[in-house]
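Each chain, letter by letter, is given below.
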Amino acid sequence: TALITLIVCLSLGLTVGRRNFKSTFFSRCEKFTEYDCQKLWDAFQQAYVNKDPCKVPVEAYDPLLAAAPFKHQCNKTMFWSQTNGVVHGLTAKRNDCFVTLEDTLLGSVLDNLTWCGKEGSNDTFTTGCPEWSKCENNPVHSFWNRSSAAFADVACGDVTAMLNGSINTPFNPTSAFASIEVPRFKASRVKKLNVVMVIQKNARSNCTDPSLKNLTQVLDRGITYSCKDVSESQIQECGAKPEIACGACW
Ligand code: N1C
C-alpha cells in the first residue's frame, strides 16, 4: 500500500503541477483584456509540446510572437542585465516611465516559470525539464531568446539599460542583453542608449569599466551612448516617489 500511495501522490502532484501552470498562464494573461488567451495558449503550446525538450529552437515561438506582437514604446523601453530585482522593483511602480519585457503580455505571463514537453505526450511539464547547462535549445531559454530579440526589434527613441556595478563584467558578451538585444538596436529607430550603472555598497565596477568599451564599439553608428553611475537608493527613491518626473530619476 505504501508504494501505491506513493504512486497516487506522485501522479496527483504532477497533474496539479500541470493544471497550475495552465491556470497561472490564463490568470496572468487575462489581466490583458485585449487578447484571446486560449489562442495564445495554443500558439504557446505548439512551440514545445510533443518535442524533445532539448530540441526547441527559438523559431518555435514565432507563431506566439506573431499572435501577441510587442508595441512600440518609444523612450520607455528598459533593458537590463543582472539587475532583475532593482529594475522590476522600479518598474512595478513607475510604468509611466519604464517598460521592460516583463511588463508586456508575454513577458509577464511566463516570468519565473519553467515548462517543457516530452516526445509522445501532449502535456506540459513543470518538473524534470532540462537545466540551462544541459542544452541550449530548451523551451524556456528559447522563449527568452526569441522574445528578447523581438522586444529589442521594436525599441525606439531613447532606450535605457540597467547594468550591475557589483560584478566584474557588467557588459557580459554571453548575456542576452549583449548577445541578442544590443546587436538589434538600429540607428534608424534608436536614437540614444542610456546606461544606468547600478552602484551598491560594494561596487566592483562603474561606467569606466573596460567591458563598456566593447558596448560602444558594437553599437550601431549613429546611436548616441551615455552611461551614468547611479546609487541603488536613488533608483528606489524614484520608485517610491511618483511625483518625480521620469527624466529626473537620476
Ligand atoms: O541575460 P540577460 O540578463 O542580460 O538578459 C536580460 C535582457 C533584458 O534586457 C530582457 O529584455 O534580456 C531580456 N530577458 C528577460 O526579459 C528575461 N526575463 C527573465 C532575458 N532573460 C530573462 N529572464 C530570465 O533571466 C531568463 O531565464 C534568463 O536566463 C535570465 C537572464 O538574466 P540576466 O543574466 O540577468
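Residues numbered from 1 in each chain as written. Predicted model: local features only at pLDDT ≥ 70, side-chain atom pairs only at ≥ 80, totals over all residues. Heavy atoms only, no water.

**Here we look at the site of the ligand**
So the rule is basically this: Here, proximity means that at least one heavy atom of the residue falls within 4 Å of the molecule or strand. Polar contacts here mean pairs of N or O atoms no more than 3.5 Å apart (in protein, one a potential hydrogen donor and the other a potential acceptor; neighbouring residues in sequence count only if both atoms are side-chain atoms). Note that accessible areas follow from Shrake-Rupley with a 1.4 Å probe, and for residues the cover is restricted to the protein chains shown. Think of a 1 Å grid over just the protein atoms. A cavity is a set of points where a 1.4 Å probe fits yet cannot get out, a pocket is an open set with protein on both sides within 12 Å along at least five of seven lines, and lining residues have an atom within 4 Å of a point. Each molecule is assigned to a cavity or pocket provided more than half of its atoms lie within 2 Å of the corresponding grid points.
In the vicinity of the ligand lie 13 residues, with Ser81, Gln82, Glu102, Ala176 and Glu181 positioned nearest. Trp80 is positioned with one of its backbone polar atoms (N or O) 2.9 Å from an oxygen atom of the ligand. Relative to its free-state accessible area of 600 Å², the ligand is covered by the protein chains to the extent of 81%. Here the ligand occupies the largest pocket.

**Details of the layout of surface pockets**
Filter applied, for reference: Grid points are joined across faces, edges and corners, and a volume is the space filled by probe spheres set on the points. Secondary structure is summarised from DSSP: a helix means a run of H or I of at least four residues, a strand means a run of E of at least two, and numbering begins at the N terminus for each. Polarity classes work like this: nonpolar for Ala, Val, Leu, Ile, Met, Phe, Trp, Tyr, Cys and Pro, charged for Asp, Glu, Lys and Arg, and polar for all others, with Gly in that last group.
Empty space within the largest pocket amounts to approximately 710 Å³. If you go around the largest pocket, you meet 27 residues; those closest to its centre are Trp80, Trp132, Trp144, Ser148 and Ala176. Elements that contribute at least two residues to the lining of the largest pocket include exactly strand 1 (78-81), helix 6 (139-153) and helix 7 (176-181). Of the residues in the lining of the largest pocket, the class split is 13 nonpolar, eleven polar and three charged.

**Considerations on the sheet that holds strand 2 (residues 157-164)**
Worth spelling out the cut-off: Two strands form a pair only when DSSP identifies at least two bridges running between them. Every axis in this analysis is a line fitted to C-alpha atoms, fitted for helices over the stretch in contact. Angles between the N-to-C directions lie between 0 and 180 degrees. Between two residues, a contact is recorded if the distance between any of their heavy atoms is within 4.5 Å.
Taken together, the four strands give an open sheet; going across it, the order is 1-2-3-4, and neighbouring strands pair in parallel fashion. Every other strand in the sheet has two partners, leaving strand 1 and strand 4 (224-231) as the edge strands with one partner each. Strand-to-strand twist of the sheet, defined as the mean angle between neighbouring strand axes without regard to direction, takes the value 20°. Sheet strands in contact with helix 9 (residues 232-240) are strand 2, strand 3 (190-199) and strand 4, and its direction is about 95° off that of strand 4.

**Here we look at empty space enclosed by the protein**
Applying the stated criterion to the full structure yields one cavity of 30 Å³ or more. Estimates place the volume of the largest cavity at around 30 Å³. If you trace the largest cavity, you find it lined by Phe25, Cys29, Leu40, Phe44, Leu64, Leu105, Leu106, Val109 and Leu110. Counting only elements with at least two residues in the lining of the largest cavity, the list comes to helix 1 (2-29), helix 2 (37-45) and helix 5 (105-110). In terms of residue count, the dominant contributor to the lining of the largest cavity is helix 5 (four residues).

**Regarding helix 8 (residues 211-218)**
Note the following rule: Using a 1.4 Å probe on the protein chains alone, a residue whose accessible area is under 20% of its type maximum counts as buried, one over 50% counts as exposed, and one in between counts as partly exposed. The directions from the helix axis to the C-beta atoms form the arc being described.
Taken together, the buried positions of helix 8 are Ser211, Leu212 and Leu215. Buried residues of helix 8, seen end-on, are gathered within an arc of 100° and therefore sit on one face of the element. Among the exposed residues of helix 8, those oriented more than 90 degrees off its buried face are Lys213 and Gln217.

**Regarding the state of the cysteines**
In plain terms, the rule: Criterion for a disulfide: a pair of cysteine sulfur atoms at a distance within 2.5 Å.
Scanning all chains against the criterion turns up seven disulfides. A disulfide bridge connects Cys29 with Cys37, and the sulfur atoms are separated by 2.0 Å. What sets the handedness of the Cys29 and Cys37 disulfide is the S-S torsion sign, and at about -95° it is left-handed. Judged on exposure class, the residue Cys29 and its partner Cys37 are both buried. Note on cysteine connectivity: Cys238 is disulfide-linked to Cys249, with sulfurs 2.0 Å apart. Its S-S torsion of approximately 45° makes the covalent link between Cys238 and Cys249 right-handed. Within this pair, whereas Cys238 is found in helix 9, its partner Cys249 is found in the segment after helix 9, the two being separated by eleven residues in sequence. Judged on exposure class, the residue Cys238 and its partner Cys249 are both buried.

**Comments concerning the packing of aromatic side chains**
Operational definition: Any Phe, Tyr or Trp ring, taking Trp's six-membered ring, that has another such ring centre within 6.5 Å forms a pair; planes under 30 degrees apart are called stacked, those over 60 apart edge-to-face, and the others tilted. Our definition puts a charge over a ring when NZ of Lys or CZ of Arg is within 6 Å of the ring centre and also within 35 degrees of the ring normal.
Across all of its chains, the model carries 20 aromatic pairs by this definition. Measuring from centroid to centroid gives 6.1 Å for Phe21 and Trp115, while their planes differ by 50°, and the two rings are tilted. One end of the pair, Phe21, is in helix 1; the other, Trp115, is in the loop between helix 5 and helix 6, with 94 residues separating them in the sequence. Across the pair, exposure class does not vary: Phe21 and Trp115 are buried alike. Between Phe44 and Tyr61, the aromatic rings sit 6.4 Å apart at their centres with planes inclined by 35°, giving tilted as the arrangement. One end of the pair, Phe44, is in helix 2; the other, Tyr61, is in the loop between helix 2 and helix 3 (62-67), and 17 residues separate them in sequence. In terms of burial, Phe44 and Tyr61 fall into one category: buried. Chaining the aromatic ring pairs together yields one cluster made of Phe21, Phe25, Phe26, Trp41, Phe44, Tyr48, Tyr61, Trp115, Phe143 and Trp144. The lysine or arginine in question, Lys118, covers the ring of Phe125, its NZ or CZ lying 4.3 Å from the ring centre.

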